[in-house]
Amino acid sequence: MSSWLPLSPGERSVAIEVLVHGPLSRTELARRLDLSQGSLTRLTKPLIKSGLLVEVPEAGTPAQARQGRPSQPLDVVAESRTFLGFKITEDMVHGVVTTLRSEVIARLDRPLTSHDPVAVADLLAEMAAEPAVRHPALAGIGIGVGGLVRERAVVGESPFLGWRNVPLAELVRERTGLPVVVENDVAALVEAETWFGAGRGLDRFVVLTIGAGFGYGLVLGGKRVPYAEEDRGFGRHLIIDPSGPLTPDGARGSAVSLLGIPSIRYQIRAATGRDATYEEILAAAAAGEPMASRVIGEAARALGMLIAQIANFAMPQKVLLAGEGVGLMDAAGDTVRETIAAHRHPQAAPVGLETKTSDFHDWARGAAVLAIQVLVLGADRA
């Protein structure tokens, strides 16, 4: 990685543009960055020499005409560096190895048997050891944690791990010798979707995650908007229906009480005396079982109202719904869409709603993207 660094601000702009949107012709790249051809040549020459960028053939160009063409597009050498991304849950660590363009090339998972910070750091170092052997170009590690993270290094608070002020980046760096970036897991997912996923190329973009909790991320001007309350449980106090259900995980009628998987399961258990999985509840609602239908119907209306109000105020070009709770759209998607329409102006543009069925490896990939942004390109967007 040292052969790339340090990148000047101009070189970094070129590298990011090609990484996210490439391959790009020099003409298009100069237009996007408002550069003269001379300035672009000056900036791209060291990037090509270092192996970060490479000239690639234009699509449809005959092989005999490719050599020496000055207009050949530029692209990143995606396989030149690899990155580790980890998502820490209450009982598992999910990991991925990605290329420079965040393509997942390996997955690795381990049970989390202790929440002691030193034990967790030891486990992450063990998980990093095997990919480091198979992928010698490993450049850095990104870690996503549900909780408040400061300076992309210290877990200020993580209730489900019982952590306060844990210097996780330092602990893992000491054990691996690699640069480490730590971030709130929802923020990491938003960054990944902004650079390489559903929000790529969009100016205004929103990510909603529903599952064990509720997460929200806003992108304006192509950049994630950080905020002080990030993952401090504001969904527990975001009231959608003041007369809605009261659950242990949030205020009455809050986003978490209506949409969180533990809250949905709690409502069914309280009403029927039986414990059921989220998938079983969704299936029962789809089959018309009255109690499941009521709870899932309330959740769907809450989600529709929430998306409508976000669209009314933030005016995003797209809303991405992700997380382990997105099965709600399969069971009651029509109710969600009808509620969105009912709470929008009749002539308002339709909300671009995309649902992403994902697992925790997508969250781990998000952490790897943080490592790509910060460790390689110096693009600390926080």
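Only a predicted model underlies this, so the values are computations on that prediction, with no experimental measurement involved.

K.L.:
Before we move on, can you summarise the sheet that holds strand 11 (residues 204-210) with the specific residues and values?
P.N.:
Strands pair in a sheet through their backbones, by hydrogen bonds, and they do so in one of two ways: parallel or antiparallel. Spatially, the five strands line up as an open sheet ordered 13-12-11-14-15, and their pairing is mixed. Edge positions in the open sheet fall to strand 13 (223-224) and strand 15 (353-355), since each of these has one partner strand only.

K.L.:
Describe the packing of helix 10 (residues 290-314) against helix 11 (residues 327-342), naming the residues involved and giving the relevant values.
P.N.:
It is at 8 Å that the axes of helix 10 and helix 11 come closest, and there the two elements cross at 50 degrees. Between helix 10 and helix 11, the interaxial angle falls into the category oblique. Taken as a pair, helix 10 and helix 11 cross one another with a handedness that is right-handed. Across the interface between the two elements, Ile296, Gly297, Ala299, Ala300, Arg301, Leu303, Gly304, Met305, Ile307 and Ala308 from helix 10 touch Leu328, Met329, Ala331, Ala332, Thr335, Val336, Thr339 and Ile340 from helix 11. A class-by-class count of the residues in the contact of helix 10 with helix 11 yields 13 nonpolar, four polar and one charged.

K.L.:
Give a detailed account of the pairing of strand 3 (residues 82-88), specifying residues and quantitative values.
P.N.:
Along strand 3, seven of the seven residues are buried, which leaves the element largely enclosed by surrounding structure. Burial along strand 3 is two-sided: Thr82, Leu84, Phe86 and Ile88 and Phe83, Gly85 and Lys87, pointing in opposite directions, are all buried. As paired elements, strand 3 and strand 4 (residues 92-99) share seven bridges and run antiparallel to each other. Note that in strand 4 the partner of phenylalanine 86 across the bridge is glycine 95. Linkage of strand 3 to strand 4, two consecutive antiparallel strands, is achieved through a turn of three residues. In terms of strand pairing, strand 3 meets strand 6 (residues 138-145) through seven bridges, oriented parallel.

K.L.:
Explain the nonpolar core to me, using residue names and the numbers behind them.
P.N.:
One recurring pattern in soluble globular proteins is that nonpolar side chains are buried together. Counting residues in hydrophobic clusters, the biggest one holds 39 residues, and the most contacted among them are Leu208, Phe214, Leu259, Ile296, Leu303 and Leu328. Where this core is concerned, the elements lending two or more residues are strand 11, strand 12 (214-220), helix 7 (255-259), helix 8 (261-272), helix 9 (278-286), helix 10, strand 14 (318-322) and helix 11. By residue number, the principal contributor to this core is helix 10, which donates 12 residues. In this structure, Val181, Phe196, Leu375 and Leu377 belong to the second largest nonpolar core, which totals 33 residues.

K.L.:
Kindly report on helix 8, identifying the contributing residues and their values.
P.N.:
For helix 8, spanning 12 residues, the distance from its first C-alpha to its last is 17 Å, which sits close to the expected 16 Å at 1.5 Å a residue. Within helix 8, the full set of buried residues consists of Ile261, Ser263, Ile264, Gln267 and Ile268. In this structure, the buried side of helix 8 is in contact with helix 7, helix 9 and helix 10. Glycine 273 sits one or two positions beyond helix 8 and adopts a positive phi of about 80 degrees.

K.L.:
How would you summarise the sheet that holds strand 5 (residues 104-111) if you had to cite specific residues and measurements?
P.N.:
Across the sheet, five strands lie side by side as 5-4-3-6-10; this open sheet has mixed pairing. Strands with a single pairing partner mark the edges of an open sheet, and in this sheet they are strand 5 and strand 10 (180-184). With strand direction ignored, the average angle separating the axes of adjacent strands in the sheet is 20 degrees. Two elements, strand 6 and strand 10, share five bridges in a ladder whose sense is parallel. By the bridge assignment for strand 10, glycine 144 is matched with glutamate 183.

K.L.:
Would you mind going over the packing of aromatic side chains in detail, with residue names and values included?
P.N.:
According to the stated counting rule, one finds one aromatic pair in the structure shown. Ring geometry for tryptophan 195 and phenylalanine 196: centres 5.9 Å apart, planes at 70 degrees, overall edge-to-face. We classify tryptophan 195 as buried; its relative accessible area is 3%. One cation-aromatic arrangement involves lysine 87 over tryptophan 363; the distance from NZ or CZ to the ring centre is 5.1 Å.

K.L.:
How would you explain the pattern of salt bridges if you had to name every residue and give the values?
P.N.:
Applying the stated criterion across every chain, the model contains 23 salt bridges. Two residues, glutamate 55 and arginine 26, come together in a salt bridge whose shortest N-O distance is 2.7 Å. Remark: arginine 26 occurs in helix 2 (residues 26-33) and glutamate 55 occurs in strand 1 (residues 53-55); sequence separation between them is 29 residues. A relative accessible area of 35% means that glutamate 55 is categorised as partly exposed. The residue arginine 269 makes a salt bridge to aspartate 275 at a minimum N-O spacing of 3.2 Å. When its relative accessible area of 36% is taken as the criterion, arginine 269 is described as partly exposed.

K.L.:
I'd like to hear about the side chain of threonine 339, residue by residue, with values.
P.N.:
Looking at the secondary structure, you find threonine 339 in helix 11. Taking the relative accessible area as the measure of exposure, threonine 339 reaches 9% and is therefore buried. Beyond its immediate sequence surroundings of up to four residues, threonine 339 is in contact with Arg301, Gly304 and Met305.

K.L.:
Outline the environment of threonine 82, listing residues and values.
P.N.:
Inspection of the secondary structure assignment puts threonine 82 in strand 3. By relative accessible area, threonine 82 is classed as buried at 6%. Along the chain, threonine 82 and isoleucine 105 lie 23 residues apart, while their C-alpha atoms are 9.1 Å from each other. In this view, threonine 82 contacts Val97, Thr98, Ile105, His135, Ala137, Leu138, Ala139 and Gly140; residues no more than four positions away in its chain are not counted. Among the polar contacts listed, one links the side chain of threonine 82 to the backbone nitrogen of leucine 138, at a separation of 3.4 Å.

K.L.:
Break down helix 9 for me, with residues and values.
P.N.:
All of the buried residues along helix 9 are Tyr278, Ile281, Leu282 and Ala285. Buried residues along helix 9 cover an arc of 100 degrees about the axis, so they all sit on one side. Taken together, the buried residues of helix 9 touch helix 8, helix 10 and helix 11.

What counts and what doesn't
Residues numbered from 1 in each chain as written. Predicted model: local features only at pLDDT ≥ 70, side-chain atom pairs only at ≥ 80, totals over all residues. Heavy atoms only, no water. Pairing = 2+ DSSP bridges. Helix = DSSP H or I, 4+ residues; strand = E, 2+ residues; numbered from the N terminus. Axes fitted to C-alpha atoms, helices over the stretch in contact; angles between N-to-C directions. Parallel < 35°, antiparallel > 145°, perpendicular 65-115°, else oblique. Left-handed = near helix turned anticlockwise from the far one by under 90°. Contact = heavy atoms within 4.5 Å. Nonpolar A, V, L, I, M, F, W, Y, C, P; charged D, E, K, R; others polar. Buried < 20%, exposed > 50% of the residue type's maximum accessible area, 1.4 Å probe, protein only. Core = buried A, V, L, I, M, F, W, Y, C linked by side-chain atoms within 4.5 Å. Expected span 1.5 Å × (residues − 1). Phe/Tyr/Trp six-rings, centres within 6.5 Å; stacked < 30°, edge-to-face > 60°. Lys NZ or Arg CZ within 6 Å of the ring centre and 35° of its normal. Salt bridge = Lys/Arg side-chain N within 4 Å of Asp/Glu carboxyl O. Polar contact = N/O pair within 3.5 Å; in protein donor to acceptor, adjacent residues only side chain to side chain. Arc of directions from axis to C-beta.

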